Every structure is written in structure tokens, then in C-alpha cells.
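# Observations on the model geometry
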Amino acid sequence: MKQVWLWTMLMLMAAGGCASTPAAPQGHLTAGDEEFAAGAKRPPTAKTLYALAQILATQGRDAEAEPALNRAIAIDAGFMPAYCALAELHMRQRRIDKAMQVIQAGLKKSPVEHVLINDLGMCQLINGNTEASAAQFARAAGLAPDDHAYRANLAMALGMLGRYDEALTLYLQIMTPSDAHYNLAVLCETRHDYVRAGGEFDIAKELSKPK
Amino acid sequence: MKFTLFSAALLAGALAILGGLAGCASSHSQAAVPEPQLTDMGIVDSINDSGIRAAIITQHTLYGYHFAGDSRELNELGQRDLAVLISHFKGQGGGDLSIRRGEISESLYASRVEKIKEAIKAAGVDLAAVRIADVSPGGAGMAGDDVVRAVKQSTSNQPAPAAPSGAGDKGASGSGSKGGGQ
């Protein structure tokens, strides 16, 4: 039923495109018209389905986005964004085990896909396997060393493990000292380390004062 | 572990949204990311973010998270960050490098130091000009750690390395103005 809806939507999108195109006099089709006509007959690509799923997901329609993403993967098993989006959809739905299955399947196709590696770390973190998650975040950060998010996630995992100095060092690489100390304070609070948290909040406050 | 799973999940979720998930749209590509050529003796310096580079140089410190588990081998991130430092050492003719011991055994720590020395040497940097120690990234004035003079003690003949400017607890510099991934 969901798939029928998706296909209907795709057809409507294609039909809408046709309707909005001014009718060309017969026998005077431009090259663009011919390309468009040819494209309308093609089945949706993985990229199209992925784009559709993204739209549905932003509308909160995960139940409809999921089959689109599954179909995208079935069409092109090497299309990594679909694995990522599907894993994240499962994570949103708190289906962590399913998310990890999708991630593992994606990593079989592309073992160095840092987004998936990061997401795997997120799943492990949510499952309480913080040590393992730190290793995944470090790997993602190594594969995409300019990506601040991976270093931030690694800092978070290390902070949760009580490795505060390492967490702070990473935060200081990617944000202002005030923000770095603030984030560390939040992590300390999460671990019920209120003494350290208070100290870090004080440092953050002090550093945020205009000089 | 004292923190609750709920709060961990909340934090993870918040960071995932702005971190990993945000990265999805911008970082994915149809083709698989090529496997970086990271080998022991062929470290590639591929960090382009100037803020991160500056912070790595200011901190000049390798931590436990730079190593693959409880081994002497650097992980990908460790190799990247060390590559930045090696580039810096080449440009400056040497410098300071801190390798934090943390809670690992003395023998593993010594093995890690040896491994790093090998990598630095292989990159063509004069080991005598690199002072390796186990100190906080705050540098001078934060003594208390066991100093490991793992390189030749001939630094007296070398130009004194620049004093660390400190990206330690007071976060003096190195982080730039960029927001993080959270």
C-alpha cells in the first residue's frame, strides 16, 4: 500500500512536470523536450527515491520514507546516502538494532564511509557501549579529519568515559574555549560529577566575559 | 558508569542531529570514499581546516584516543594529527611533542613512544630536534608528569623550540572561532 502511494506520488510529480511545460507545436520538439519525455518513461533512480524519502522524512512521514529507502538500496546497493538515511530513520524510531544492521550492510559495500561509521558509533553509544563508540568516532574523524562533528562526537564519548582532558582537547580544536568548557561541564553533569561540572561551568563563564 | 542511559541517549541524539546526521547530506557521495593511504612510514597530512591544524600544533599532544585500542599503533586520527605535527616540525626544524601515558602500562607506553619516534624519523625529521615528553598540552608550568626524554639528549645544541602557547585548561588559543560539531 505504501509502495503504491510512493509510486503514485512519483507519477504525480512527473505528471506535474509535464503539465507545467508549455506545449510545443507538434513537430517542433526541442532537445530538452525529448530528453524530458525520455526521462518520464524511466523508472525512478536510487537518487530520486532518496530525495523523495528525505522530503517525507522532513515531513515526519518516516513510515512512507522507509520503503522508498529500501527500494533505493535495492536499485543501487552502492548508494551510500540511502543506507545512512535508513539507519537514521531507524534510530529516530528507536530501532537501534535495525539501524545497526543497515549500517553494517552499508559498510560491507563501503568500509570507509565515515558517515556510516559515525552513525555506528552513535548506535553503540545509545546502547551503552561508549568505549566502542569512541573507537568508531575516532575512525570517522580519521577518515574525514576536517569534519568537526566527528571530533565533537569523539569528545563526547571520551567525556562520558571520564576522560575529560582528552575530551576538552578535542573540543578546543573545533570551538571557542568557553564553549569547550561548557560542553565538558555538561558531560561532567551527565556523569553526576557535579564538582568538576561546576568548575567547568565557572571557567566557561569566565572565558565568555568580554575582555 | 554513573550516567544514565536516558541522558546519554539524549545527549547522543542531540549531537547526532547536528553532527552525524547533518554530515550525511553534505558528506556522502555515490562512490565509496577512497581508502586513505595510511601506512606507518607514509603518513599523509590531509587536514586542511586551519583551525584544527592550529589547535593540533598548539596542543602538540597525542592521547590515548590517537591509538588503536590498547596497541602501540596509531589509528587513522592519530596518523592524521601526527602528520600535522610532523609538517610543523619540518617547517620549524623541530619542536615539542607530548605523548600522554594515561593509565596504560609502562612497557606499552614505551612501545608507543618508540613507534612515534620511528614515524617521525621516517618522515625525515631530525629526532634530536624533537623533544618528546608526557606533559599536559598546557606545556610549561604544568609539571608533575613523568618526563620521558625519549630522544637524543642533544637538544642543548638545538635551537630552543617555541614555548607552547597553551590550549590547556584555560583554553588560551588554538580553537579559532568556529563552532563545533554539536
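Rules used throughout
Residues numbered from 1 in each chain as written. Chains lettered and ligands numbered in written order. Predicted model: local features only at pLDDT ≥ 70, side-chain atom pairs only at ≥ 80, totals over all residues. Helix = DSSP H or I, 4+ residues; strand = E, 2+ residues; numbered from the N terminus. Buried ≥ 20, exposed ≤ 12 C-beta atoms within 10 Å, placed from the backbone. Contact = placed C-beta atoms within 7 Å. Expected span 1.5 Å × (residues − 1). pLDDT = per-residue confidence, 0-100. Pairing = 2+ DSSP bridges. Right-handed = clockwise from strand over helix to strand, strands pointing away. Core = buried A, V, L, I, M, F, W, Y, C linked by C-beta atoms within 7 Å.

## Considering the overall build of chain A
Counting its secondary structure elements, chain A contains 12 helices and 0 strands. Helices (α) and strands (β) of chain A occur, in sequence order from the N terminus, as α-α-α-α-α-α-α-α-α-α-α-α. For chain A, with 211 residues in total, the buried portion stands at 49%. A sequence separation of at least 24 residues applies to 41% of the contacts in chain A between residues at least 6 apart.

## Focus: helix 11 (residues 177–190) of chain A
Residue and element names in this part refer to chain A. The first and last C-alpha atoms of helix 11 sit 20 Å apart over 14 residues, in line with the 20 Å expected at 1.5 Å per residue. Taken across its 14 residues, helix 11 has 10 buried, putting it largely inside the fold. Those residues of helix 11 that fall on the buried side of the exposure criterion are P177, D179, A180, H181, Y182, N183, L184, A185, L187 and C188. Packed against the buried residues of helix 11 are helix 9 (148–160), helix 10 (164–174) and helix 12 (194–208). In the stretch just after helix 11, H192 is the one whose phi turns positive, near 60 degrees.

## Some thoughts on unusual backbone geometry
All names here are of chain A. Even without a glycine there, the phi angle at R94 is positive, about 60 degrees. Inspection of the secondary structure puts R94 in the loop between helix 5 (80–92) and helix 6 (96–109). Notably, H192 is not glycine yet its phi reads approximately 60 degrees, a positive angle. With respect to the helices and strands, H192 occurs in the loop between helix 11 and helix 12.

## Quick word on the confidence of the model for chain A
When the pLDDT values of chain A are averaged, the result is 86; 81% of them are 70 or greater. Every residue in residues 1–27 of chain A is under pLDDT 50, and counting partners more than four places away or in other chains gives 17 contacts.

## Let's talk about the pairing of strand 2 (residues 95–99) of chain B
All names here are of chain B. Of all 5 residues making up strand 2, 5 are buried, and the element is well covered by its neighbours. Residues G95, L97 and I99 point to one face of strand 2 and D96 and S98 to the other, with burial holding for every one of them. Where strand 1 (residues 61–62) and strand 2 come together, 2 bridges link them in parallel fashion. Paired with L62 across the two strands is I99, which belongs to strand 2. Handedness of the crossover is the feature at issue here: the chain leaves strand 1, passes through helix 3 (residues 76–92), returns alongside strand 2, and the resulting connection is right-handed. Of the pairings in the sheet, the one linking strand 2 to strand 3 (residues 130–133) comprises 4 bridges and is parallel in character. When the sheet's bridge partners are listed, L97 is paired in strand 3 with I132. Each parallel crossover has a hand, and the one from strand 2 via helix 4 (residues 106–122) to strand 3 is right-handed.

## Thoughts on the nonpolar core
With 94 residues, the main nonpolar core has A:L69, A:A82, A:Y83, A:L154 and A:Y171 as its most contacted residues. Once you skip the residues sitting within four places of it in the chain, A:L69 turns out to touch A:Y50, A:A53, A:A82, A:A85, A:L86 and A:L89.

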